[in-house]
Amino acid sequence: MPVIKEIDYGTPLRVAETLITLEIDGKSVTVPAGTSVMRAAVDAGVQVPKLCATDNMEAFGSCRLCLVEVEGRRGTPASCTTLAEPGMKVRTQSPKLAKLRRGVMELYISDHPLDCLTCAANGDCELQDMAGVVGLREVRYGYDGANHLQAEKDESNPYFTFDPAKCIVCSRCVRACEEVQGTFALTIEGRGFESKVAAGNQNFLDSECVSCGACVQACPTATLVEKSVIAKGQAEHSVVTTCAYCGVGCAFKAEMQGDEVVRMVPYKDGKANHGHSCVKGRFAWGYATHKDRITKPMIREKITDPWREVSWEEAIGRAASEFKRIQAKYGQDSVGGITSSRCTNEESYLVQKLIRAAFGNNNTDTCARVCHSPTGYGLKTTFGTSAGTQDFDSVEQADVIMVIGANPTDAHPVFASQMKRRLREGAQLIVVDPRQIDLVKMPHVEAQYHLPLRPGTNVAVINAISHVIVTEGLVDETFVKERCDLQAFENWRKFIAEERNSPETLAPITGVPAADIRAAARLYATGGNGAIYYGLGVTEHSQGSTMVMGMANLAMATGNLGRTGVGVNPLRGQNNVQGSCDMGSFPHEFTGYRHVSDEPTRQLFEKDWGVALRGDPGLRIPNMLDAAVDGTFKGLYVQGEDIAQSDPNTKHVTAGLAAMECVVIQDLFLNETAMYAHVFLPGSSFLEKDGTFTNAERRISPVRKAMAPMGGMADWEITVALSNALGYPMHYNHASEIMDEIARLTPTFAGVSFARLDELGSIQWPCNEKAPEGTPVMHIGGFARGKGKFMITEFVPTDERTTGRFPLVLTTGRILSQYNVGAQTRRTDNNIWHHEDVLEIHPFDAENRGIEQGDLVAIASRAGETTLRAEVTERIQPGVVYTTFHHPVTGANVVTTEFTDWATGCPEYKVTAVEVRLAKRMSEWQEHYLETRRQTTKIEHGTGATK
Amino acid sequence: MNTENMIHMANQIAQFFASYPHEEAVAGVADHIQKFWEKRMRQQLREYIGQGGSGLNELALEAAKRLG
């Protein structure tokens, strides 16, 4: 497909019941009221010349190129700022307009370098295009006067340059930063001839810029341009695909030269991102061809042996024979497998099928175990299905937004921009978080209430909020009566109204003033559409599932479900958390969240797969490791996941891995878990295969192959090969056939196919006969389970308590520039922003320990000890410290413990009792890690490998 | 699995269901363990109960006795 250029309508789409008919260049066109003449012209098939207008931001009217004539009116108004009116007759071409436009272009070009042939934007420059459109043939003013041609270029950002000599000061970049991204990092400095774009008083890198790329995309010249385009030139074709980073699931155009990516550009028709992006998806794709990629299969006898490159046949054969040997020796249940939320739906589906059908057990799990498994349990119990209730666009109708345990500006930046836009429009914000996340106070956004609770007291806070709703008569009785199980509601109402759940009683536990809880509760219940957005700060607790149910209770009690603008919305960490859960990756359920013990469902799969299946649940990831330490679990197939870095209590994880006799890793890189592996199967990046990802709003989006797999096989093909070698043949010629099977066996996916995805762009499940184009908002008119079920959510303090020895609470999180275990982003220039994990500590706690900014500190818990640099900040409350886990040598999870959510086994990452002290050297674990890494990652190249 | 960890997990489940009427709570705990614990874990729990079940709270103990 040639390079895709979306139509630019010049000004944003308007939605209105009133339609207006006007005439443009003799063509009649009908548009919604509020539409600009410029946009109406595009609808009529007429392109009005323009420079400062683009359709993802409001009209600005500065370039004077889009002038038109309107019959019966004087002058030549700008078509971007002139609204269509009934009966209006517009002319976009006339000798007068041509002269005016040429004059405008003359002025622009008189202060613009004439280096088009060597310019990076040659062939992709709107200024160049407009010079051609208006027929510019001369510049009467010459080039000798005052100009900006010697202005200094800013190359500080690793991904793009800013060349003010080429700037026409159209303000598109400034407006993109404000309107699209909502960061307000750019401004126009100076007046008149002195006007220039500025990133504050500093260069781009040191400024507030978050490198989302919106300004680069908006720039109509080469002023802001990607360094990759400067290096490589323009792309010759594009492939529309889905980002491999967070759970927003942005659609991108991979712009290619042959099989090489030139740049990733957010796709305007992408329904999750509407043409916006963040620094990760837009720029941090270089990992896909990083020199660390392992592209040849490898095996070894012992983990201390060097890796030996072998053929695919030998590697697959070794893995299969080892799994068979282990099962013969230790029993059918002695092996299992894990997939990642970085895998496609088709890959996750195949791995769990291999485990259930070829291994003959249910020891399958996915990394959603350690992030959003409580969401699955909690929402299924209360609403009847394990998914968020809304689409992202729903936030545009929200009046009160409650963000709980999530940090969208860092972890879900593109959705955060959409949320911030709604907040700037006047929606009110409640933030429930121990830290002062950016949303609490940032340019043009300020939370009405920040409830800085103590880590581990989520359930107490949500109960206190619900207590206010119930005891102050704020329940939506009509909604509850019509939509909910009344007996369960009455039991809950009685429980929640008890004085022990009041904000006043719970304040000493939560640390949140009762008055703030009461005010926030009243706002949520009475402020219009109330929408809850939450993240891992909710789920990664011993009461993670209870908290999810607590939020569901609150939403039901206030009637904030079943329509646009409301809902309970999990913000999923990785791109395919929702999908990996949907695909039956958990040990207790098939696709579509049906328990393995359900006879009709099991029979359905048995008939389709042609094999008897087990009806008892298998091992979850932490329990696989427990069983490995116990000696009853000996073999593991891991696709795309790095449990040695991401999972809690690293010492326990690595002890489990080390106790196994065959660990098979399928990945892009020799990751931390691969240190304990015996077979390495080179995986393929998202650019190298076909499939689908399902984002946080249940949106199934296509992943499309842009280049050949570097290792020779797509991941799903590797699983097929392994299954075949295990004696359970799989027959697929293309990933689309896997989706056809999923659709055949899963009622909520019945209408999904690759062909349908090509047709619609993306689909939100459920998609079936009842909803052939998918379901943006769930539970309209009734819950998936019938009646919504209130659950009693008793607050139970975690057993992870601070003590004299461990007096501080460690909580963990994410940062904008890095992603999960960092395997991808650490292999990009994103490291410039975050080259190491740091420990945030409050000045009070730091001073008590003699710790200053940048000091090396040791952090110790009952599980282990590591060291990292201190970041002294008031962003974190006294008594609490915070870090990330993006760098393996930091070993943040050496410190986290084995405690988990009661229902799902999701680790309690967010609460660990620790002590922090000054350190002079790395911890013993870190030294051991570096030595182990050195010993276990040697590769003997070219020893018998064939392609 | 580490015995202490097993006890902790079973007690946590019981703590959630403890808010419900006794019979519902016992059934809830037993059902949860039956649906989500792998057979080795359930077997370990049964064996531990056979040894007295020290450390398990009453609800967890009662529910565990119902496991198939």
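Keep in mind that what you see is a predicted model, and the values were worked out from it rather than measured.

Student: Which parts of the structure should I look at to understand the overall build of chain B?
Tutor: The helix and strand tally for chain B stands at four helices and zero strands. Each helix (α) and strand (β) of chain B, taken in turn from the N terminus, gives the series α-α-α-α. Taken over the C-alpha trace, chain B has a radius of gyration of 11 Å; the compact-globule value for 68 residues is 11 Å, and the two agree within 12%. Taking the principal axes of its C-alpha atoms as reference, chain B extends roughly 30 × 20 × 20 Å. Within the span of chain B, comprising 68 residues, buried residues form 38% of the whole. For chain B, contacts bridging at least 24 residues in sequence account for 69% of all contacts bridging at least 6.

Student: Would you explain the interface of chain B and chain A in this entry?
Tutor: Many descriptions give the size of an interface as the accessible area lost when the pieces come together. Listed by partner, the interface residues are 17 residues for chain B and 20 residues for chain A. Looking at the side of chain B that touches chain A, the element that brings in the most residues is helix 1 (residues 3-17) of chain B, giving six residues. Of the residues that constitute the side of chain B that touches chain A, the class distribution is seven nonpolar, six polar and four charged.

Student: Quick question: what am I supposed to make of the domain arrangement of chain A here?
Tutor: Residues and elements named next belong to chain A. Assigned domains within chain A: domain 1 (1-93), domain 2 (299-368 + 577-750), domain 3 (373-570) and domain 4 (808-935). With centres defined by C-alpha atoms, the gap from domain 2 to domain 4 works out at 30 Å. Of the residues lining the interface, 16 residues belong to domain 2; the matching set on domain 4 comes to 20 residues. Listing elements by their share of the side of domain 2 that touches domain 4, those giving two or more residues are helix 23 (643-646) and helix 24 (650-658). Counting residues per element, the side of domain 2 that touches domain 4 draws most heavily on helix 24, at three residues. For the side of domain 2 that touches domain 4, the residue count by class is four nonpolar, seven polar and five charged.

Student: What is the right way to look at the sheet that holds strand 28 (residues 691-694) of chain A in this model?
Tutor: Two pairing modes exist for strands in a sheet, parallel and antiparallel, and in both the strands are linked by backbone hydrogen bonds. Residue and element names in this part refer to chain A. Taken in spatial order, the three strands make up an open sheet running 28-29-30, and their pairing is antiparallel. Because the sheet does not close on itself, it has two edges, and the strands there are strand 28 and strand 30 (763-764). Relative to strand 30, strand 29 (residues 699-703) runs antiparallel, the two sharing two bridges. Each residue of the ladder has a partner; that of I700, found in strand 30, is I763.

Rules used throughout
Residues numbered from 1 in each chain as written. Chains lettered and ligands numbered in written order. Predicted model: local features only at pLDDT ≥ 70, side-chain atom pairs only at ≥ 80, totals over all residues. Helix = DSSP H or I, 4+ residues; strand = E, 2+ residues; numbered from the N terminus. Rg over C-alpha atoms; globule rule 2.2 N^0.38 Å. Buried ≥ 20, exposed ≤ 12 C-beta atoms within 10 Å, placed from the backbone. Contact = placed C-beta atoms within 7 Å. Nonpolar A, V, L, I, M, F, W, Y, C, P; charged D, E, K, R; others polar. Domains from an automatic or database assignment. Pairing = 2+ DSSP bridges.

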